[in-house]
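Spelled out from the first residue to the last, the chains are:
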Amino acid sequence: MQRVFSGIQPSGIPTLGNYLGAIRNWVPMMADHECIYCVVDQHAITVWQDPKELARQTREMAAALIACGVTPDKCTLFVQSHVPAHTRLAWIFNCVARIGWLNRMTQFKDKAGKDRENAGAGLYVYPNLMAADIHAYHATRVPVGEDQKQHLELANDIAQKFNHDYGVDFFPNIEPMIQGVAARVMSLRDGTRKMSKSDPSDQSRINLTDDADAIALKIRRAKTDPEPLPGEAAGLEGRPEARNLVGILAAITGVTPAEVLRQHEGQGFGSFKTVLTDALVAHLGPIQAEMQRLLDDPAAVDAELRKGSDKASAIAEPIVNRAEELVGFLPRR
Ligand code: TYM
């Protein structure tokens, strides 16, 4: 059985982008893969996080994942900082990865902005920690949204260089699994930018916890263009906002964008937005209710995460111990 690894940052409430691009794809994989899913709090602090908020958001993220169907009994669900193997391997990878490779990471350039000298060093070496997350488990499949593709290519480069430098065939190649029409859900305010937890405008995203009124308002205000919907996908060319809303409805209702266009051809966005709002409210309502139920008993969520970190450590410790031996560290015992 192939081993799957994926992670999500608890840097805010999960968005519809996180849900459609990643979380929703994590669930069916649990049927025929050994799945390891991680709330990556160490990644989150590569940009400033209020400590109390981070702890709360980490638990909320775990509850959100469970509510979406990432059932702890059927996978390994845990918090990154609870398993020290990740940072031990990340240090080795900091020494394997080349600065030139990191300089090419577009996400660093986006997140660091113009004042790069002032960005945290952790933000720069972040992809090395992400590579370690995956390779600490010898995972071979990684379900993510489109924006993580470059990081996964780097994770393969690091594994190959490690294997080459130490003359071993130790870390396997990983296969990104970027699925579906919603691999890149865009901002509701600007169809050329991805929907993100960290966008300063809450109007740019649907949060998994938004109630019906918030969803209705955000969709009503979502940027569109004055043209009616075309009959086929080619007609969405050069209309990023229209393409995005069509993609969201397709993903949430489980049909293709072509089918959505067939059903709504010639309509303006007024009626389309009502249909989209209703579909989102119907889909997210049960998830929100389950998330609230879980958060009413935070100790139970924490207990699941503790069990998860024990299971994760049992897999990662021997792999990272071996990696350290290959590097030449004196064995721990
Ligand atoms: P993060 O927390 O930014 O996002 C979690 C997952 O959601 C996907 N995603 C999207 N998909 C479609 N449209 C969007 N607008 C959108 N926004 C986010 C992301 O692609 C991701 O799959 N570096 C990762 C977390 C991570 C990780 C890992 C992932 C750490 N270690 C190891 C895989 C394997 C991140 O910041 O994801």
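Residues numbered from 1 in each chain as written. Predicted model: local features only at pLDDT ≥ 70, side-chain atom pairs only at ≥ 80, totals over all residues. Heavy atoms only, no water.

### Points about the site of the ligand
Turning to step 1, where the next piece is worked out: In the neighbourhood of the ligand, 27 residues make up the surrounding shell, with Tyr 126, Asp 133, Asp 147, Val 185 and Lys 197 lying closest.
Turning to step 2, where the next piece is worked out: Taking Val 185, its main chain carries an N or O atom lying 2.7 Å from a nitrogen atom of the ligand.
Turning to step 3, where the next piece is worked out: About the coverage of the ligand: the protein hides 98% of its 700 Å² of free accessible area.
Turning to step 4, where the next piece is worked out: Those elements that place two or more of their residues in the shell around the ligand are strand S1 (3-8), helix H1 (16-29) and helix H7 (121-135). (Near = heavy atom within 4 Å. Polar contact = N/O pair within 3.5 Å; in protein donor to acceptor, adjacent residues only side chain to side chain. Areas by Shrake-Rupley, 256 points an atom, 1.4 Å probe, with all protein chains shown as cover. Helix = DSSP H or I, 4+ residues; strand = E, 2+ residues; numbered from the N terminus.)

### Digging into the state of the cysteines
Such a bond, covalent and formed between the sulfur atoms of two cysteines, is termed a disulfide.
Turning to step 1, where the next piece is worked out: Across all of its chains, the model carries zero disulfides by this definition.
Turning to step 2, where the next piece is worked out: Here Cys 35 stays unpaired: no disulfide links it, and the sulfur of Cys 75, its closest cysteine neighbor, is 6.9 Å away. (Disulfide = S-S within 2.5 Å.)

### Topic: the pattern of salt bridges
Turning to step 1, where the next piece is worked out: A full pass over the atoms with the stated rule returns 21 salt bridges.
Turning to step 2, where the next piece is worked out: With its nearest N and O atoms 3.7 Å apart, the salt bridge here joins Asp 199 to Arg 193.
Turning to step 3, where the next piece is worked out: Classification of Asp 199 as buried rests on a relative accessible area of 12%.
Turning to step 4, where the next piece is worked out: Here the residues in one salt-bridge network are Arg 88, Glu 317, Glu 324 and Arg 332, joined through shared partners. (Salt bridge = Lys/Arg side-chain N within 4 Å of Asp/Glu carboxyl O. Buried < 20%, exposed > 50% of the residue type's maximum accessible area, 1.4 Å probe, protein only.)

### Topic: the packing of helix H10 (residues 240-253) against helix H11 (residues 257-264)
Turning to step 1, where the next piece is worked out: Between H10 and H11, the shortest axis-to-axis distance is 8 Å and the interhelical angle comes to 105 degrees. It follows that H10 is roughly perpendicular to H11 by the angle criterion. Contact with H10, carried on its side by Val 246, Leu 249 and Ala 250, involves Pro 257, Val 260, Leu 261 and His 264 of H11 and no other residues of that element.
Turning to step 2, where the next piece is worked out: Residue classes in the contact of H10 with H11 are distributed as six nonpolar, one polar and no charged. (Axes fitted to C-alpha atoms, helices over the stretch in contact; angles between N-to-C directions. Parallel < 35°, antiparallel > 145°, perpendicular 65-115°, else oblique. Contact = heavy atoms within 4.5 Å. Nonpolar A, V, L, I, M, F, W, Y, C, P; charged D, E, K, R; others polar.)

### Here we look at H10
Because each turn of an α-helix spans 3.6 residues, side chains separated by three or four positions end up pointing in the same direction.
Turning to step 1, where the next piece is worked out: In this model H10 runs 20 Å from its N-terminal to its C-terminal C-alpha over 14 residues, within 8% of the 20 Å that 1.5 Å per residue would give.
Turning to step 2, where the next piece is worked out: The buried count for H10 comes to eleven of 14 residues, which makes it a mostly enclosed element.
Turning to step 3, where the next piece is worked out: Those residues of H10 lying buried are Glu 241, Ala 242, Asn 244, Leu 245, Val 246, Gly 247, Ile 248, Leu 249, Ala 250, Ala 251 and Ile 252.
Turning to step 4, where the next piece is worked out: For H10, the secondary structure elements touched by its buried residues are H1, H11 and helix H12 (269-295).
Turning to step 5, where the next piece is worked out: One or two residues past the end of H10 sits Gly 254, with phi positive at roughly 75 degrees. (Expected span 1.5 Å × (residues − 1).)

### Looking at the environment of Glu 317
Turning to step 1, where the next piece is worked out: Looking at the element boundaries, Glu 317 is found in helix H13 (residues 298-327).
Turning to step 2, where the next piece is worked out: Sequence separation between Glu 317 and Val 83 is 234 residues, and the spatial gap between their C-alpha atoms is 8.6 Å.
Turning to step 3, where the next piece is worked out: Here Glu 317 is in contact with Ala 85 and Arg 88, once residues within four sequence places are set aside.

### Overview of the packing of helix H4 (residues 85-96) against helix H8 (residues 149-165)
Each packed pair of helices is defined by two parameters, the angle between the axes and the distance between the axes.
Turning to step 1, where the next piece is worked out: Two elements in contact, H4 and H8, have axes separated by 10 Å at closest approach and are oriented at 80 degrees. Taken together, the axes of H4 and H8 lie roughly perpendicular to each other. Along its contact with H4, which presents Ile 92, Phe 93 and Val 96, the element H8 presents Ile 158, Lys 161 and Phe 162.
Turning to step 2, where the next piece is worked out: Tallied by class, the residues present in the contact of H4 with H8 amount to five nonpolar, no polar and one charged.

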